Amino acid sequence: MQSGKTAVAQEDRFIDLHGAVTAFSAHDPSASSILTGLLPTADADWTSLIDGWDKARAAVESLLVWAAKEGGYDVVLDGAPPLAAPSIAVLAIGANFATHAARSEFAIEGGGVATSDRVAKLLEARRSGVPPWGFQILPRTVVGDGGRLGRPSGFSYLDYEGEVGVVLRGGETPRVWGVVAVDDVSVRDPYFSSGAPRIDEGPLTWVLQKNFRGGTACGPWVVVDEDLDENDLNIQTRVNGKLRQSGSTSEMVYSFADVVDHLHGFIPLRAGDIIASGTPAGTAFEEGADGPFLVDGDEVVVEVEGVGSLRNVVGKTPTGSGTAEKGTADGK
């Protein structure tokens, strides 16, 4: 939501918690006090709400019941990305779907090694103790549902990657709080002789291939308390209505718990941090330079089971900032 507001879905309505909480105090002072202490104020920051969710949940449910009877607190989402705070970490797992990774490896290296053999090699590496790896996405490059996906000037090979993102709770043992759809857009020109400008070199290979204005989409909301198994969710990506990717997080080489355990040994994972699953097979990159890469005007839809559809159009002027939330035990 704009101006740091937070909305919660109730059936097909969105209730503005900020707008309702003051009037709600006359109905339930205790629940109102809890929410007032946890809701973001001037800045869009959900971290206190997430960390205090065990006590906030019942208060939110009570407010939703009251607001439905009172009316007047409905809002329309503005398409902002549902990021818990500007300071969160967005961490994406690389090569976490073996078939996608194997086909991408072939697109880069060529050679006569069969995809099945490449898949077997990747899975064996995991069994032998190779840890999960990936890259960081800057929150300032993320757009929400309906926002425009960017294309850096001079680059031709823009790829889609439908993924599942999990939003974490912090603490000594970080755990999943909510689920969101992600499109991890990638510039692939460095792998082809496209005449594009130089972008990343050496160990920084993926920094700018993954981080540019409108380089990631996230949304349309965060789903919480819906009994979703984040390790068994279907993902589908369509471009202009054509199915390009269809997979499940059950195919991940490293589970979300594997990634959390590994990362938390090095960095403190905090409330609102997002881990993106990696992407299943079906990207344009896997077909080489002649693959169905994105062009301006293409509509990309990433659908995640239990979450909904994230829709974005490729263009040159990405927009969108702010937060949105979906789902409580009573709000679907």
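Residues numbered from 1 in each chain as written. Predicted model: local features only at pLDDT ≥ 70, side-chain atom pairs only at ≥ 80, totals over all residues. Heavy atoms only, no water.

Draft legend 1. Expanded view of the side chain of T249. Topologically, T249 is positioned in the loop between strand 13 (242-248) and helix 8 (256-264). If we ignore the near neighbours within four places in the chain, the residues touching T249 are F97, V164, E230, N231, D232, L233, I235 and S277. (Helix = DSSP H or I, 4+ residues; strand = E, 2+ residues; numbered from the N terminus. Contact = heavy atoms within 4.5 Å.)

Draft legend 2. Molecular detail of the pairing of strand 11 (residues 216-224). Of all the nine residues making up strand 11, nine are buried; the element is thus mostly covered by neighbouring parts of the structure. As paired elements, strand 5 (residues 142-143) and strand 11 share two bridges and run parallel to each other. Its bridge partner being in strand 11, V142 is matched across the sheet by T216. Here strand 9 (residues 175-184) pairs with strand 11 via six bridges, running antiparallel. By the bridge assignment for strand 11, D183 is matched with A217. (Buried < 20%, exposed > 50% of the residue type's maximum accessible area, 1.4 Å probe, protein only. Pairing = 2+ DSSP bridges.)

Draft legend 3. Spatial organisation of helix 5 (residues 98-109). Here helix 5 spans 16 Å end to end across 12 residues, near enough to the 16 Å set by a 1.5 Å rise per residue. Residues of helix 5 that are buried: A98, H100, A101, A102 and S104. Residues of helix 5 that are buried make contact with helix 6 (115-127). G110 sits one or two residues past helix 5 and shows a positive phi near 70°. (Expected span 1.5 Å × (residues − 1).)

Don't take any of this as a statement about function, it's just geometry.
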